[in-house]
Amino acid sequence: MRDLYLGIDTGGTAVKYEVVANDGSAVGGGEVPTDPRDAAATLRALAADAAPLLGGAGLPRLAAVGMACAGIVNPVTGHLGRSPNLPGWENSDLGGAVSAAFGGVPSALANDVNGALYGEFRHGAGRGCRDVVMIALGTGVGGGVIIDGRLLVGSHFGAGEIGHMVLDADGPPCTCGSRGCLEAWAGSTGLLRATRELVAAGGATPALAALVARLGSDLTTRDVAELAGAGDAAAVGVFAAAGRKLGQAVGNLVNVLDPDRVIIGGGVARAGELILAPCRAAASALILATEAQGLPIVPAELGPRAAAVGAASLAREKAQEGA
Ligand SMILES: [Zn+2]
């Protein structure tokens, strides 16, 4: 009986997977290394690793596969376009390759942030909502939007680039070539740059200056968050500044989309209220609809499993739609 669904999250170094049952409950999961030059070899290794959960070598219990993948993904055709971290995978029929590697079962594709958003929407912080916005604060900043229960992909599969919403055209440079994108403040690279600039300008506390001097290029947002958690005013201020910019972006998005809920995920979001409280205040000041001013702006719940869980949900729903 084909009663299980496989969700895959393909990153540049590892491929994580989750197996779920018909009712959405978790069966198990694992990960294998990514070969960024060879999709077929990676998928073969993954199929072998997941086989014990799926009934054995022929995967007799597998009903459908979903994959969340970094890059420009066409969820209708399964085509993967540009994907800088997966040079051997880009510009290919990835949906076809995924189906072929798993015995010809149906496949569903999404980009990585949309996969994570869908996981949160079905099984995490977005449960029970209809319209959800997610912002993922990692090294860079990703985004995704669900409207009426469906992922918004756009006419050219480029929707959801919330990290490159320009908040100040004279702001700091962004990896995309623009200036003042949300990512330049609220991604970990931007937040650490702001921290070092504060120290260099003499505006930091002695404790923050000492932390930056001691860790040098090993400094992470977690280190700054720990100091902030201990009450260091300068470290608190770094997260507050990033949170205000995040809130500016959220306020703009709420005025355009009026969602039920906004989910903030990614490593920087582990700072919790240090970044969420100033985000809520800044967003509320910009939101025009009075009823929307207190909308929930909440942390993600599923952590690094989110995209694989979401991919499994997409696979399950695609198979059930086709049934
Ligand atoms: Zn940008």
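The coordinates are above.
Keep in mind that this is a model prediction, so the values were computed, not measured.

So, how was this worked out
- Residues numbered from 1 in each chain as written.
- Predicted model: local features only at pLDDT ≥ 70, side-chain atom pairs only at ≥ 80, totals over all residues.
- Heavy atoms only, no water.
- Donors = N, O, S within 2.8 Å, 3.2 Å for Na, K, Ca; no water.
- Tetrahedral: all angles 85-135°; square planar, octahedral: opposite > 155°, others 65-115°.
- Helix = DSSP H or I, 4+ residues; strand = E, 2+ residues; numbered from the N terminus.
- Pairing = 2+ DSSP bridges.
- Axes fitted to C-alpha atoms, helices over the stretch in contact; angles between N-to-C directions.
- Contact = heavy atoms within 4.5 Å.
- 1 Å grid on protein atoms, 1.4 Å probe; cavity = no way out; pocket = protein on both sides within 12 Å on 5 of 7 lines; lining within 4 Å.
- Points joined across faces, edges and corners; volume = space filled by probe spheres on them.
- Nonpolar A, V, L, I, M, F, W, Y, C, P; charged D, E, K, R; others polar.
- Domains from an automatic or database assignment.
- Buried < 20%, exposed > 50% of the residue type's maximum accessible area, 1.4 Å probe, protein only.
- Lys, Arg positive; Asp, Glu negative; His and termini not counted.
- Salt bridge = Lys/Arg side-chain N within 4 Å of Asp/Glu carboxyl O.

Before going further, it helps to spend a moment on the coordination of the zinc ion. Surrounding the zinc ion are the protein donor atoms H164 (ND1), C174 (SG), C176 (SG) and C181 (SG), at 2.0 to 2.3 Å. In this structure, the zinc ion is coordinated by 4 donor atoms arranged in tetrahedral fashion, with angles at the metal of 104 to 123 degrees. Read N to C, the donor residues that coordinate the zinc ion are spaced as H-x9-C-x1-C-x4-C. On the criterion of sequence distance, the pair formed by H164 in the loop between β10 (150–151) and α4 (183–186) and C174 in the loop between β10 and α4 is long-range, its members being 10 residues apart.

Another aspect to go through is the sheet that holds strand β4 (residues 62–69). Sheet architecture is open: 5 strands sit in the order β3-β2-β1-β4-β7, paired in mixed fashion. Single-partner strands in this sheet number two, and they are β3 (26–33) and β7 (107–111). This sheet shows a mean twist of 15 degrees between the axes of neighbouring strands, independent of strand direction. Along the sheet face, helix α2 (residues 94–101) touches β4 and β7 and points at about 135 degrees away from the line of β7.

Further remarks concern the layout of surface pockets. As a volume, the second largest pocket reaches approximately 510 Å³. What lines the second largest pocket is a set of 23 residues, among which P75, L109, R150, L151 and L314 lie closest to the centre. Every element with two or more residues in the lining of the second largest pocket is listed here: β7, α3 (112–123), β10 and α10 (306–322). In the lining of the second largest pocket, the residues fall into 14 nonpolar, 4 polar and 5 charged. Among the domains, domain 1 (4–119 + 304–322) and domain 2 (129–300) are the pair contributing at least three residues each to the lining of the second largest pocket.

Next up on the list: the side chain of E120. Note on placement: E120 falls in helix α3. Put simply, E120 is tucked away with no salt bridge, and the nearest opposite charge, on R127, sits 6.9 Å away. Excluding residues within four positions of it along the chain, E120 makes contact with A125, G126, R127, M134, I263, A300, E301, L302, G303 and A306.

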